[in-house]
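Observations on the model geometry
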Amino acid sequence: MTQSESPVDSHNFRTVSGKPLIVGTGTGTKWQWLKKGRPEEERTKLTQELIDQLLLALNNGFYHIDTAEIYTTHPEVAEAVEQSGIKREDLWITSKYNPYRNITAADALKTTLEELKTDYLDLYLIHTPFFSDESTYSIETAWKEIIDAKKQGKIRHIGVSNFAVQHLERIFKVSEPEFYPVVNQIEFHPYLQDQSADITDYCKKHNILLEAYGPLTPLFRIQSNEADTAEDPLRKVLPKLSEKYQKTDSQILLRYTLQRGYLPITTSSKVQRIRETLAIYDFELSAEDVALIDKEGSTFHFRSFFDGKFD
Ligand SMILES: NC(=O)C1=CN([C@@H]2O[C@H](COP(=O)(O)OP(=O)(O)OC[C@H]3O[C@@H](n4cnc5c(N)ncnc54)[C@H](OP(=O)(O)O)[C@@H]3O)[C@@H](O)[C@H]2O)C=CC1
Ligand SMILES: O=C1Nc2ccccc2C1=O
């Protein structure tokens, strides 16, 4: 991969102000949990924090925003976009359908567009393949509705998230090639090199862009969740690579993610880290160093989301 190349280059996505899709800024995880069940006053404070964080990202060059119905962050995204003054066509907005509710994809999309104050989404994903057991509404039914919404111009690109090979195959059976998913957003980092067996090869073979959420997991989730950091192999490797390339540990991990063919979805509240995240397109890890991260990473397994669902 040369410096200018990115995993999106072989995909027929719309460009944003003539630029290809870059790393995305997320509005999930932290916000979806923090806002739940909090008193009104605290929610107002969190809402303002998220708007400020998004404005920081937008003002520093991010144009790819990742949100979802389940995050309850559509209103903050709409507000930040409005305050930023950036034109809608100069942004890429992804949202996701939450299948674990008794609401159809068509109805959910209507509310999503209203909350985001936009006529269209750049990308709409089925958030997980895990539909409610109490409903007969299936992956196939939801996908057909999503195709209809694309035909109506409400969505530019369609995809999925947390899908394993078996789930993708169900979609392939009910759709024409022009309506196959173009994105699969999954957890990816050196300690989780495959969400399910063969998913990376399968998505590459079918020209499905892999988006990586949780790409910085080795830097901050292991420490808090795992008592024995002595077992954590990247703790020794990353500082050496950081020194070699004169980039931070986060930049090394995000660049590794890109070179493994995944588009990272990350987030930060700190302006310095926001700027660092965007400065991952001006250097390249050697093939040996990517292989080193792969090799060391594969000696330690860690999954933050949906543990046990793909094993
Ligand atoms: N489709 C799905 O099922 C899922 C999708 N997502 C999407 O992906 C987005 C990003 O996920 P997330 O797990 O947060 O991504 P990351 O792994 O990139 O983690 C981001 C967190 O890392 C912290 N951080 C950044 N740099 C450093 C550093 N150098 N040292 C220590 N901490 C650091 C940030 O904190 P700080 O603010 O202090 O910089 C932030 O809280 C979500 O917001 C959501 O949009 C996430 C999970 C599941
Ligand atoms: O951002 C996210 N955080 C999560 C936690 C659990 C399940 C899904 C998600 C997200 O999409």
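Bear in mind that the values here come from a model prediction, so they are computed numbers and not experimental data. (Residues numbered from 1 in each chain as written. Chains lettered and ligands numbered in written order. Predicted model: local features only at pLDDT ≥ 70, side-chain atom pairs only at ≥ 80, totals over all residues. Heavy atoms only, no water.)

1. A word on the site of ligand 2
Keep this limit in mind: A cutoff of 4 Å decides nearness: a residue is near a molecule or strand if any of its heavy atoms lies inside that distance of it. Any N or O atom pair separated by 3.5 Å or less is treated as a polar contact, with the protein-specific requirement of one donor-capable and one acceptor-capable atom, and with residues adjacent in sequence counted only for side-chain atom pairs. In these tables, accessible area is a Shrake-Rupley quantity obtained with a 1.4 Å probe, and a residue counts as shielded only by the protein chains included in the view. The rule is simple: put a 1 Å grid over the protein atoms alone, call a set of points where a 1.4 Å probe fits but cannot get out a cavity, call an open set with protein on both sides within 12 Å along at least five of seven lines a pocket, and count a residue as lining if it has an atom within 4 Å of a point. If over half the atoms of a molecule are within 2 Å of the grid points of a cavity or pocket, the molecule is regarded as sitting in it. For this classification, the nonpolar set comprises Ala, Val, Leu, Ile, Met, Phe, Trp, Tyr, Cys and Pro, the charged set comprises Asp, Glu, Lys and Arg, and every other residue, Gly included, is treated as polar.
Taken together, G28, T29, Q32, W33, Y71, H127, F305 and F306 make up the full set of residues adjacent to ligand 2. In this structure, an oxygen atom belonging to ligand 2 sits 2.9 Å away from a main-chain N or O atom of T29. Look at ligand 2: alone it shows 280 Å² of surface, and the protein chains cover 82% of it. Spatially, ligand 2 is embedded in the largest pocket. Here the shell around ligand 2 is composed, by residue class, of 4 nonpolar, 4 polar and no charged.

2. Side note on the UniProt feature "binding site: substrate" (unreviewed entry) in the protein chain
Basically, it comes down to this: UniProt positions are given in the numbering used here, feature names are shortened, and annotations may be inferred rather than shown by experiment. Helix and strand assignments come from DSSP, with helices taken as H or I runs of at least 4 residues and strands as E runs of at least 2, each series counted from the N terminus. Here, two residues are considered to be in contact whenever any of their heavy atoms come within 4.5 Å of each other.
The feature "binding site: substrate" (unreviewed entry), as given by UniProt, occupies H127 in the numbering adopted here. Its place among the elements puts H127 in the loop between β4 (121-126) and α5 (139-151). Setting aside residues up to four positions removed in sequence, H127 forms contacts with A68, I70, Y71, K96, Y97, N98, P99, S161 and N162.

3. Quick look at the nonpolar core
Here is a general trend for soluble globular proteins: nonpolar side chains tend to be buried in one another's company. To be explicit about the condition: What is meant by a nonpolar core is a set of buried Ala, Val, Leu, Ile, Met, Phe, Trp, Tyr and Cys residues, joined one to another through side-chain atoms within 4.5 Å. For every residue, the accessible area obtained with a 1.4 Å probe (protein chains only) is divided by the maximum for its type, and the residue is called buried under 20%, exposed over 50%, and partly exposed between those limits.
Counting residues in each nonpolar core, the largest one holds 84 residues, and the members touching the most others are Y97, I126 and L168. Ranked by residues supplied to this core, first place goes to helix α2 (residues 40-59) with 7 residues. Ignoring sequence-local partners within four residues, the contact set of Y97 consists of E69, I103, T104, A105, A108, Y124, L125, I126, H127, F131, Y137 and A142.

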